[in-house]
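Residue strings, one per chain:
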Amino acid sequence: MIPLVQPYLAPSQEMMPEIEKILYSGYIAEGETVYQFEKELGKFIGNPKVLALQSGTAALHIVLTILNIGKGDEVISTPMTAEPTNTTIALTGAKIVWADVDPNTGLLKPESVREKITKKTKAVMLVHYAGMVCDMERFHEISEETGIPIIEDSAHCFGGKYNEKMIGANSRFTCYSFQAIKQMTTVDGGAIAFQREEDMAEARKLRWFGLDKKVPRLQNDITRAGFKYGMNNVTAAIGRVQLRHMPEILGRYKENGRFYDKALKGADGITLVPYYNQTEPSYWLYTMKVKRRDDFCRKMEENGVITSPLHHRNDTHSVFAESKCKLPGMDEWYGSFVHIPCGWWVNDESREKIVKVIRQGW
Ligand SMILES: *Cc1c(COP(=O)(O)O)cnc(C)c1O
């Protein structure tokens, strides 16, 4: 079976000595290895203002906390995402306001976001779902006009680009996840990329109870309670090794994605997803719309290929009941989108087979 997702881990002879060194170094908590990882990650995405954290969920929670989002506030978000995007908003006490998605891409529609803005709107949460990049040109316009900050949930889009720049260098906040099935895993982990020094300084305290690591413990004064969300030296050591392989690994996702873009053009029963101006997907999951999806997935499985829509539209969860509203674009998209395997484990032979099976029809 060709799986839809699979964790990439660097070769053991390269990884294990690094893990072992840190494990028995006497310093396994947040320390130099984490700061090294942050430097290297910053270099990789082209934005040095990066903090490494325990998870993508922790990253989102810290960002919402920096923005003082809570009861009485509204955050505009998308139902087309993994649940942590929205459970973290719910945790703050703020109301989630769903905007509709573009039925051609499944990504938030700028016009719908604009319509949903009220005096209570404190942030717009954008998700580069499955690695497709949102219409950033339009969203930056909205943000500049209204002063409402954008949070990019880039858990699916490590390596994606906007305007030739890596995702992570474009908005006030970008959150990453290094969880098991994301493009780069540190087993578990996450990060925030910032535009402003002061946001980063605040996040640095919030990741460690509210304490300032640069001030001696006895002289520290917590002015705001924080979390325990930092990364540790062990997972950072894994991240440092993983990062060395990312140009090749992320490149393979993109190569496969571009291959499908060409090879599936015009195939019967399929509508390919258009990409917005100046954007380059990370192709975490190759996404398209298909007719008779259940039949499609069955046929693929019979031929040894796992395909699936993978994510459950978030607006149907009971916990978000008060946000319920009509989303015709989402209804249209949700009934027909599907993902096919696109990652580093899909070799030339596999991707050709996948295209061949699809072209046979279902
Ligand atoms: C995985 C994921 C997260 C959360 O990341 P964790 O590292 O698992 O906490 C957030 N948003 C999206 C869209 C995700 O897919």
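To be clear, the structure that these remarks concern was listed above.
From a predicted model like this one, the values you see are computed outputs, not experimental measurements.

The rules behind the values
Residues numbered from 1 in each chain as written. Predicted model: local features only at pLDDT ≥ 70, side-chain atom pairs only at ≥ 80, totals over all residues. Heavy atoms only, no water. Core = buried A, V, L, I, M, F, W, Y, C linked by side-chain atoms within 4.5 Å. Buried < 20%, exposed > 50% of the residue type's maximum accessible area, 1.4 Å probe, protein only. Domains from an automatic or database assignment. Contact = heavy atoms within 4.5 Å. Salt bridge = Lys/Arg side-chain N within 4 Å of Asp/Glu carboxyl O. Near = heavy atom within 4 Å. Polar contact = N/O pair within 3.5 Å; in protein donor to acceptor, adjacent residues only side chain to side chain. Areas by Shrake-Rupley, 256 points an atom, 1.4 Å probe, with all protein chains shown as cover. Helix = DSSP H or I, 4+ residues; strand = E, 2+ residues; numbered from the N terminus. Nonpolar A, V, L, I, M, F, W, Y, C, P; charged D, E, K, R; others polar. Pairing = 2+ DSSP bridges. Axes fitted to C-alpha atoms, helices over the stretch in contact; angles between N-to-C directions.

S.K.: I'd like a rundown of the nonpolar core, residues and numbers included.
M.R.: Formed by 113 residues in total, the largest nonpolar core has its most connected members in Ile151, Phe158 and Met288. Here this core gathers at least three residues from each of two domains, domain 1 (12-99 + 106-242) and domain 2 (246-360). In this view, Phe158 contacts Leu41, Phe44, Ile45, Tyr176, Phe178, Gln183, Met184, Leu243, Met246, Leu250 and Ser282; residues no more than four positions away in its chain are not counted.

S.K.: Can you break down the pattern of salt bridges residue by residue, with the values?
M.R.: Under the counting rule described, the total for this entry stands at 21 salt bridges. Asp315 is the salt-bridge partner of Arg313, the closest N and O atoms lying 2.8 Å from each other. Residue classification places Arg313 among the buried residues on the basis of a relative accessible area of 10%. Overlapping salt bridges, with partners in common, bring together Arg252, Glu255, Asp348 and Arg351 in one network.

S.K.: Kindly report on the site of the ligand, identifying the contributing residues and their values.
M.R.: In the vicinity of the ligand lie 15 residues, with Thr57, Asp153, His156, Ser177 and Lys182 positioned nearest. The backbone of Gly56 places a nitrogen or oxygen atom 2.8 Å from an oxygen atom of the ligand. The side chain of Thr85 places a nitrogen or oxygen atom 3.5 Å from a nitrogen atom of the ligand. If the ligand stood free it would expose 380 Å²; the protein chains cover 91% of that surface. Elements with a minimum of two residues in the shell around the ligand: α3 (56-66) and α4 (84-92). Residues of the shell around the ligand, tallied by class, amount to four nonpolar, nine polar and two charged.

S.K.: Got a sec to walk through the sheet that holds strand β12 (residues 286-290)? Specific residues and values, please.
M.R.: Hydrogen bonds between backbone atoms are what pair the strands of a sheet, whose relative direction is either parallel or antiparallel. Here three strands make up an open sheet; going across it, the order is β10-β12-β13 and the pairing antiparallel. Sheet topology places β10 (270-272) and β13 (337-340) at the edges, where each strand pairs with a single neighbour. Going across the sheet, the axis of each strand differs from the next one's by a mean of 40°, ignoring polarity. For β10 and β12, the ladder comprises three bridges, and the chain directions are antiparallel. Looking at the pairing, Ile270 lines up with Val290 of β12. Across the sheet, helix α9 (residues 293-302) lies against β12 and β13, angled at about 15° from β13, the strand it touches most.

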